[in-house]
Amino acid sequence: MWEVLADRGFGGLTLRAVATSMGVSTGMLMHYFPTKRALVAHALHLLETRTAQRPRRERPTEGIAALRAMLLDILPLTPGDTARNRIWVSSWDLALADDGLGAEQADRYTRLRASISPHLEAARAAGELPESADPEQLAATAVAFTHGLVVQALFDPARFTEAVQIAMLDDFLASISDRSGQGR
């Protein structure tokens, strides 16, 4: 299934394509996945598991540096990251068309923002962000910025190279930071 996703995205994820890649009949595969939706739900679970288990950068314990490491782990900076992001982006169309899948995707975003917010709270406490900064809103902004950059990098990799993505992320983080302490 992973090979089909990597090659064709969710648009090419069919029972026939998966059965062919596994060397089994479509009927045999339907014993485990009676519908395409069941296959898609399993594929999303597999994708989420692989995403959670991927190697990650060492993270400082808190603050902007920890946030930077988290966001770098999202960007398509390696071939594996690019493949994973292509699969995630291709899943959005399905999630928008199916209320259950859409709710699961919304939950993923809620969990991602929740994992980012403590680092922004710590950054605010350390004076890296203005006291008036809203960690939850900044977490949403950081996710929106990062996923927007992911999409651009997937569609125009020659323009959005690894160096460009990192520089843009660093510029974004500098734009929300208050390293001078003026916000305190």
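The rules we used
- The residue numbers shown here count from 1 along each chain, following its written sequence.
- Only residues with pLDDT of at least 70 get local features here, since the model is predicted, and only at 80 or more are side-chain atom pairs given and counted; chain-wide, interface and lining totals rely on the full set of residues.
- Side-chain descriptors were evaluated using all non-hydrogen atoms of the structure, hydrogens and water having been removed beforehand.
- UniProt positions are given in the numbering used here, feature names are shortened, and annotations may be inferred rather than shown by experiment.
- Going along the chain from the N terminus, every DSSP run of H or I of four or more residues is numbered as a helix, and every run of E of two or more is numbered as a strand.
- Note that the domain bounds were set by an automatic or database domain assignment.
- Only heavy atoms enter the contact rule, under which two residues are in contact if any of them lie within 4.5 Å.
- Throughout, buried area stands for the accessible area (probe radius 1.4 Å) lost by two parts on being put together, summed over both.
- For salt bridges, the criterion is a side-chain nitrogen of Lys or Arg within 4 Å of an Asp or Glu carboxyl oxygen.
- Polar contact criterion, stated in full: a pair of N or O atoms within 3.5 Å, where within protein one must be able to donate a hydrogen and the other to accept it, and residues adjacent in sequence count only if both atoms are side-chain atoms.
- The axes are straight lines fitted to the C-alpha atoms, using for helices just the contacting stretch, and the angles between their N-to-C directions are given from 0 to 180°.
- Oblique is the label for any angle not under 35 degrees, not over 145, and not in the 65 to 115 range, which are roughly parallel, roughly antiparallel and roughly perpendicular in turn.
- Here a crossing is called left-handed whenever its near helix is offset anticlockwise from the far helix by less than a right angle, and right-handed whenever the offset is clockwise.
- Put simply, Ala, Val, Leu, Ile, Met, Phe, Trp, Tyr, Cys and Pro go in the nonpolar bin, Asp, Glu, Lys and Arg in the charged bin, and everything else, Gly too, in the polar bin.
- A pocket, in this scheme, is an open set of points on a 1 Å grid over the protein atoms alone with protein on both sides within 12 Å along at least 5 of 7 lines, while a cavity is a set where a 1.4 Å probe fits but cannot get out; residues line either one if an atom lies within 4 Å of a point.
- Grid points are joined across faces, edges and corners, and a volume is the space filled by probe spheres set on the points.

Under the annotation held in an unreviewed UniProt entry, the protein carries the name TetR family transcriptional regulator and is attributed to Streptomyces violascens.

K.L.:
What's the story with the UniProt feature "domain: HTH tetR-type" (unreviewed entry) in the protein in this structure? I'm lost.
P.N.:
When the UniProt feature table is mapped onto this chain numbering, "domain: HTH tetR-type" (unreviewed entry) sits at residues 1-51. Along residues 1-51 one finds 75% helix and 0% strand; the C-alpha atoms at either end are 15 Å apart.

K.L.:
What exactly am I supposed to notice about the domain arrangement of the protein here?
P.N.:
Many descriptions give the size of an interface as the accessible area lost when the pieces come together. Domain parsing of the protein yields domain 1 (1-53) and domain 2 (60-184). Just the C-alpha atoms count here: the centres of domain 1 and domain 2 sit 28 Å apart. Between domain 1 and domain 2, the contact holds 12 residues from the first and 11 residues from the second. Surface buried jointly by domain 1 and domain 2 totals about 1,200 Å² across both partners, of which 67% is contributed by carbon and sulfur atoms. The three residues of domain 1 that bury the most area against domain 2 are Phe 10, Arg 37 and Leu 44, which together make up 41% of that side's buried surface. Inspection of the domain 1/domain 2 interface yields three salt bridges. Where Glu 48 meets Arg 108, a salt bridge forms, and the shortest distance between an N and an O atom there is 3.2 Å. Our count for the contact surface shared by domain 1 and domain 2 stands at three residue pairs in polar contact (both at pLDDT 80 or more). Within the residue set of the side of domain 1 that touches domain 2, elements represented by two or more residues are helix H1 (2-8) and helix H4 (36-53). No other element matches the seven residues that H4 contributes to the side of domain 1 that touches domain 2.

K.L.:
Teacher, can you tell me more about the packing of helix H7 (residues 99-125) against helix H8 (residues 135-155) here?
P.N.:
For any two helices packed against each other, one specifies the inter-axial angle together with the distance between the axes. The interhelical angle for the contact between H7 and H8, taken along N-to-C directions, is 120°, at an axis separation of 8 Å. Taken together, H7 and H8 sit at an angle that is classed as oblique. In terms of crossing hand, the pair formed by H7 and H8 is right-handed. Here Tyr 109, Leu 112, Arg 113, Ile 116, Ser 117, Leu 120, Glu 121 and Arg 124 of H7 come into contact with H8, specifically with Pro 135, Glu 136, Leu 138, Ala 139, Ala 140, Val 143 and His 147. Partitioning the contact of H7 with H8 into residue classes produces nine nonpolar, two polar and four charged.

K.L.:
In this structure, what is going on with the layout of surface pockets? I would like to understand it.
P.N.:
By rolling a water-sized probe across the atoms, one finds the places where empty space is left. What the largest pocket holds in volume is close to 560 Å³. Every residue lining the largest pocket is counted, 22 residues in all, and those nearest its centre are Thr 51, Arg 54, Ile 74, Trp 88 and Leu 112. Tallied by class, residues from the lining of the largest pocket come to eight nonpolar, five polar and nine charged. Of all the secondary-structure elements, those providing two or more residues to the lining of the second largest pocket are H1, helix H6 (79-97) and H8. Residue assignment places the lining of the second largest pocket across two domains, with domain 1 (1-53) and domain 2 (60-184) each supplying three or more.

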